[in-house]
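# Examining the three-dimensional arrangement
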Amino acid sequence: MNFSWRKPWKRPRRLTPCKKSLLNGEVIGRGFNQPISSHDPCAHAEVMALRDAANQIKNYRLVDADLYVTVEPCTMCSGAVVHARIKRVIFAALEPKAGVVCSQMTVFKQAYFNHEVEVVSGVMAQQCSELMQDFFKMRREQKKQLKLQAREGKLD
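Residues numbered from 1 in each chain as written. Predicted model: local features only at pLDDT ≥ 70, side-chain atom pairs only at ≥ 80, totals over all residues. Heavy atoms only, no water.

### Let's talk about helix H4 (residues 125-151)
- Between the first and last C-alpha of H4 there are 39 Å, a value that for 27 residues agrees with the 39 Å anticipated at 1.5 Å per step.
- Of the residues making up H4, those classed as buried are Cys128, Leu131, Met132 and Phe135.
- Considering only its buried residues, H4 is in contact with strand S3 (65-71) and strand S4 (88-93).
- Looking one or two residues beyond H4, the residue adopting positive phi is Gly153, at roughly 75°. (Helix = DSSP H or I, 4+ residues; strand = E, 2+ residues; numbered from the N terminus. Expected span 1.5 Å × (residues − 1). Buried < 20%, exposed > 50% of the residue type's maximum accessible area, 1.4 Å probe, protein only. Contact = heavy atoms within 4.5 Å.)

### A closer look at the packing of aromatic side chains
- The final tally for this structure, using the stated rule, is 2 aromatic pairs.
- Their ring planes at 75° and their centres at 4.9 Å tell us that Phe135 and Phe136 sit as a pair that is edge-to-face.
- Residue Phe135 is classed as buried on the basis of its relative accessible area of 4%.
- For Phe136, a relative accessible area of 40% translates into the label partly exposed. (Phe/Tyr/Trp six-rings, centres within 6.5 Å; stacked < 30°, edge-to-face > 60°.)

### Digging into the nonpolar core
- Within the largest apolar cluster, 20 residues are counted, with the highest numbers of intra-cluster contacts made by Leu50, Leu62, Leu67, Val81, Ile86, Val89 and Phe108.
- Listing elements by their share of this core, those giving two or more residues are helix H2 (45-57), S3, helix H3 (75-84) and S4.
- Examining the composition of this core, we find that 4 residues originate from one element, H2, more than from any other.
- The residues touching Ile86, leaving out its near neighbours within four places in the chain, are Leu50, Leu62, Ala65, Asp66, Leu67, Val81, His115, Glu116 and Val117. (Core = buried A, V, L, I, M, F, W, Y, C linked by side-chain atoms within 4.5 Å.)

And the structure:
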């Protein structure tokens, strides 16, 4: 399957690099990071994609679904993946600080979980790295512009 990463923030709405849940090759859920805008500490992109997928198929168990993510999931998102019974997590870049699939630990290999999750890492790593760098460069530029406008008294 050829999977294309896009720059979702180029759309009219401000989005971060998104996550997708797929079942039988069909996208059943999408998500983007929104903990600040939604005032929800659990609104990581992976969780939002799982919520969207569960709503689409009307079942919180996403058996045989794959989750595509740009960056290695954190502890919370990994727990949600296990509870949703995701078959496979495919991600591009390691997250050395907070990633728990490979970087800080191998959470999916813990014996106390009642579900095993396959992991595929490094998929389109270069493209995703560039995507993330472009996104954060754009965000830094936006913040810089806001600061300049505020100094000049142009910010309402």
